[in-house]
Amino acid sequence: MTVPYGAGQSRRQFLQRAAILAATVPTMGAFLAACSKEGPTSSGPTLTIAKPDSPVKWDIPADNPAIADGMAPEKGATLKIYNYADYLSPQAIKAFEDEHGCTVEVSTFNDGDEAITKLRSGVDFDIYNANYTEMSRLVTGGLLRPLNHSYIPNISNVWPTFTNPWYDQGWQFTVPYTIYTTGMGWRTDQVPADIGALKNPYESLWDPAYKDKTAILDDFHSAMALVLLKQGITDVNTSSADDLKMVGEQLTALVQATSPKVTITMYSDLPAGQIGLSQMWSGDIINAQSYLPEGVGTEILRYWFPTDGKGLVDNDMLVTLKGGKNPVLAHLFLNHMLDPDVAKENFSAIGYQPPQNTITADSLVEEEFIPENLRSAIVKPEYFDAGYRILELDADNDAAWHNVWNAFNAGGS
Amino acid sequence: MLQRSREPNTRLWAALAAPGVGWLLLFFLAPLYVVLAIVFGRVDPLFRTAVPVWNPLEWNPAQFSYVLSRIAPGDVYFPAVLRTVVYVGAASILCLSIAFPVAYYVSRLADKRKGLLIALLIAPFWISYMMRMLAWVNLLQNDGLVNRILNFGGFLDVQVDWLTGQPLVVVLGLAYGYVPYMILPLYAGLDRLSQPMLEASRDLGANRVSSFLRVTLPLCRPTILAAVLLTCLPMLGDYFTNDLLSASPKTAMVGNLINDSVQAPGQTGQAGAFVMLVLLATVLPMFYYVRVTLRGDEVRT
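### Examining the overall build of chain B
Next up, step 1: Along its length, chain B carries 14 helices and two strands.
Next up, step 2: Along the first, second and third principal axes, the C-alpha atoms of chain B reach 75 × 75 × 35 Å.
Next up, step 3: When the 301 residues of chain B are sorted by exposure, 33% land in the buried category.
Next up, step 4: At a minimum sequence separation of 6, the contacts of chain B that also span at least 24 residues come to 65%.

### Remarks on the overall build of chain A
Next up, step 1: Within chain A one finds 14 helices and nine strands.
Next up, step 2: Burial statistics for chain A: of 413 residues in total, 55% are counted as buried.
Next up, step 3: Taking the contacts inside chain A whose residues are at least 6 apart along the sequence as the reference set, 80% of them involve residues at least 24 apart.

### A look at unusual backbone geometry
All names here are of chain A.
Next up, step 1: Phi is positive for Asp86, close to 55°, though the residue is something other than glycine.
Next up, step 2: At Glu368, a position not held by glycine, the phi torsion is positive, near 55°.
Next up, step 3: The topology assignment puts Glu368 in the loop between helix H12 (361-366) and helix H13 (383-386).
Next up, step 4: What makes Glu368 exposed here is the crowd of 8 C-beta atoms within 10 Å.

### Some thoughts on the nonpolar core
Next up, step 1: By size, the foremost hydrophobic cluster in this structure holds 173 residues, and its most contacted members are Ile127, Met224, Val319, Phe333 and Met337 of chain A together with Ala91 and Leu186 of chain B.
Next up, step 2: Counting residues per element, this core draws most heavily on helix H8 (residues 167-191) of chain B, which supplies 12 residues.
Next up, step 3: Setting aside anything within four residues of it in sequence, one finds Met337 of chain A in contact with Ala92, Tyr177, Leu318, Val342, Ala343 and Asn346 of chain A.

### Considering the interface of chain A and chain B
Next up, step 1: Contact with chain A, which involves 38 residues of that partner, is made by 31 residues of chain B.
Next up, step 2: Every element with two or more residues in the side of chain A that touches chain B is listed here: helix H1 (8-16), helix H4 (112-120), helix H5 (135-140), strand E6 (261-263) and helix H14 (395-409) of chain A.
Next up, step 3: Along the lines of polarity and charge, the residues of the side of chain A that touches chain B split into 13 nonpolar, 16 polar and nine charged.

### Details of the domain arrangement of chain B
Residue and element names in this part refer to chain B.
Next up, step 1: Its domain assignment divides chain B into domain 1 (1-60) and domain 2 (64-300).
Next up, step 2: Each side of the interface is counted separately: domain 1 has nine residues, and domain 2 has 11 residues.
Next up, step 3: Looking at which element gives the most residues to the side of domain 1 that touches domain 2, the answer is helix H2 (residues 10-39), with three residues.
Next up, step 4: Looking at the side of domain 1 that touches domain 2, its residues break down into seven nonpolar, one polar and one charged.

### Observations regarding the environment of Asn237 of chain A
Residues and elements named next belong to chain A.
Next up, step 1: Relative to the helices and strands, Asn237 resides in the loop between helix H6 (220-230) and helix H7 (241-258).
Next up, step 2: For Asn237, a count of 22 C-beta atoms within 10 Å gives the class buried.
Next up, step 3: Spatially, the C-alpha atom of Asn237 lies 32 Å from that of Ser348, the residues being 111 residues apart in sequence.
Next up, step 4: Contact partners of Asn237, with chain neighbours within four places excluded, come to Ile390, Leu391 and Leu393.

### Concerning the confidence of the model for chain B
Next up, step 1: Model confidence for chain B is summarised by a mean pLDDT of 86, while 95% of its residues fall at 70 or above.
Next up, step 2: Scoring the predicted complex yields pTM 0.79 and, for the interface, ipTM 0.75.

### Observations concerning the pairing of strand E5 (residues 214-217) of chain A
Residues and elements named next belong to chain A.
Next up, step 1: Of the two faces of E5, the one lined by Thr214 and Ile216 and the one lined by Ala215 and Leu217 are each fully buried.
Next up, step 2: Pairing of E5 with strand E7 (residues 277-281) involves two bridges; the strand directions are parallel. Paired with Thr214 across the two strands is Leu277, which belongs to E7.
Next up, step 3: Where E5 lies against E6, three bridges are found, and the strand directions are parallel. Pairing of Ala215 across the sheet is with Lys261, part of E6.

### Things to note about the pairing of strand E9 (residues 312-320) of chain A
Taken residue by residue, a regular strand's side chains alternate between the two faces of the sheet.
All names here are of chain A.
Next up, step 1: For E9, the buried fraction is high: nine of the nine residues fall into the buried class.
Next up, step 2: Alternating residues of E9 divide into Leu312, Asp314, Asp316, Leu318 and Thr320 and Val313, Asn315, Met317 and Val319, and every residue in both groups is buried.
Next up, step 3: Note: strand E3 (residues 127-131) against E9, five bridges, orientation antiparallel. From the neighbouring strand, Ala130 faces E9, where its bridge partner is Met317.
Next up, step 4: When strand E4 (residues 174-187) meets E9, the two strands line up antiparallel, connected through eight bridges. Each residue of the ladder has a partner; that of Tyr180, found in E9, is Asp314.

### Digging into the environment of Lys245 of chain A
All names here are of chain A.
Next up, step 1: Positionally, Lys245 belongs in helix H7.
Next up, step 2: Owing to 12 C-beta atoms within 10 Å, Lys245 belongs among the exposed residues under this scheme.
Next up, step 3: Once the C-alpha coordinates of Lys245 and Val404 are considered, the two residues, 159 residues apart in sequence, prove to be 7.8 Å apart.

### With respect to the packing of helix H4 (residues 78-109) of chain B against H8 of chain B
Residues and elements named next belong to chain B.
Next up, step 1: Where H4 meets H8, the axes come as close as 6 Å, and the angle between the chain directions of the two elements is 35°. Considering only the axes of H4 and H8, their crossing is right-handed.
Next up, step 2: Residue composition of the contact of H4 with H8, grouped by class: 25 nonpolar, one polar and two charged.

Rules used throughout
- The residue numbering used here restarts from 1 in each chain and proceeds along that chain's sequence as written.
- Numbering of ligands from 1 and lettering of chains from A proceed in the order in which they are written.
- Two thresholds apply to this predicted model, a pLDDT of at least 70 for residue-level local features and 80 or more for giving and counting side-chain atom pairs, whereas whole-chain, interface and lining totals are computed over all residues.
- Think of it this way: any DSSP run of H or I at least four residues long counts as a helix, any run of E at least two long counts as a strand, and we number them from the N terminus.
- In this scheme every C-beta is placed from the backbone, and a residue whose C-beta has 20 or more other C-beta atoms within 10 Å is buried, one with 12 or fewer is exposed, and one in between is partly exposed.
- C-beta atoms are first placed from the backbone for all residues, and any pair lying within 7 Å is then listed as a contact.
- We call a set of buried Ala, Val, Leu, Ile, Met, Phe, Trp, Tyr and Cys residues a nonpolar core when their C-beta atoms link them within 7 Å.
- Residue polarity follows a fixed list, in which Ala, Val, Leu, Ile, Met, Phe, Trp, Tyr, Cys and Pro are nonpolar, Asp, Glu, Lys and Arg are charged, and the others, Gly among them, are polar.
- These domain boundaries are the output of an automatic or database domain assignment.
- The score called pLDDT rates the predictor's confidence residue by residue, from a low of 0 to a high of 100.
- Strands qualify as paired when DSSP identifies two bridges or more between them.
- Simply put, an axis is a line fit to the C-alpha atoms, just over the touching stretch for a helix, and the angle between two N-to-C directions goes from 0 to 180 degrees.
- Crossings are assigned a handedness: left-handed for a near helix turned anticlockwise from the far helix by less than a right angle, right-handed for a clockwise turn.

Take a look at the structure:
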């Protein structure tokens, strides 16, 4: 993602946090099932966590109905969008402005907490770029406006899984925006070995041969999930104290072995040559192509994600906010972004793939949109069946994860 | 002089002090109380954001004691605390050894060119700190100018990874970033040095070196202290120099710990606890400074 320094931080923070304090939601069964798996209950508030295997259909409060059908868009309005920096194509915005004679104003945030704090303060943004890990807080906190599907016919263009997602059954609040995987990126001139062909590619980050050349995502959950996956533990939301202790020890070993940079700017650091091997988001390696210095070809870039899809997969989405003054335009904008041509242009601007039916791995390579050597960075629908998802942790577990992460970041034991 | 200044019309003095006191109350004490209320406050159960608790009787020390119990030698946060002291100390010494000669030269020796030199000294402030650091990122990256110069145009194969967790780079970055903040106060102090006093020392037979050591240096001790404090304090809380030039846990400082906990949901209180500790650690030298400057005034009178 072409975010200036710091901007993506927000994103990763967003990705991680999520879940659901929703004792009031009609999902008690799923909730109890989830709890029984979580071991002893925490002293904090009870959280319901929407999971792929325990989907949630949110209640729509009576005082917060969707808008009526067939309303005219607001005239001469300013549509306010709250988004990560550089995560929306200027061209897509311009086209929408021209079509509807309105002004689009994009405000950006750097951090998920910052965004939610601001949303709670009663700002009048119309559209927000959310992650499923925030759904419970957004819905339970009454920040979202339910969608009227009649304004969004373009939903038919997206992968079927996203028309009834587990985090928002019946897409009552959300439309999908981008999809990405978290894997390993490297450049062949600095790392001659074929990382993807290794038995355990994650392990290469612990290989002293790459000392001072590596990086991991500055996102506690993604980075610690990498350690878990490396150790063969696929519960990337574990609440096991032993697992977390092991992760802490592995991170200490990691610092000693390769002293990785902890950052989210690999999309520019890797092409600049500061990093040779890194944990990476698929969108960032696609983006990295445009950051390569002159004379360096894109053929040196590589990305690995398990071909069977058993890795970290993720998606962001667009939601409309209850406090927005232009609900009709907001619906139309969501529909606009789901248009195949707009979505594709947006993809080329931000590097993150939309889940559009017309965009397939083959078509992207054929049209030379993505070079053959980065084919592995293209997200496929089946990944969302096999992949692992980072979910919101309940309060106590979240604190336990963060304590391990902060200790690692402090460079201590 | 000291005595006279303490006596006169107290009402006038109170009136003159009012804006300053108001400023301190509004922009220092009140925010400080907010930090305390957050350190000892609650966490919103739904959004995991900090909820300040205003009544000290209801304060919960959990977050503060969490931090406090982890900063002793051998604990997880100790290396970062130690690193902060070492880095800031080294950077301050480096700053002083660069800034003092420059300030001395400008104030004592550069007669005609003084105006120009002062303008040049202020020049770095025209460019944002962030921009200057980003420029270093460019220079120090693997195919950057520094490595290219070290390669002598390809004759040697030197590939130094400057930007992946090198303590030296962080210290140099801090020194580079904060040296202008040290030159200006030093210049201001040195410029005010009493010329007759220096002449007297020379008249009484001191040579240049001993006049410098026995008159100039003691006279500008408060100035040096002020300059060092002015640069030390922001350095203690600095995190972005580190983030830009290293971003490795190996060089994490207290500023980074604060930044990390602020961004972690529900841990804003821990960040506040670090802030309080840094504050405590800096208030002590501040008192010393105040004492020294008061004594300096007495010496002058």
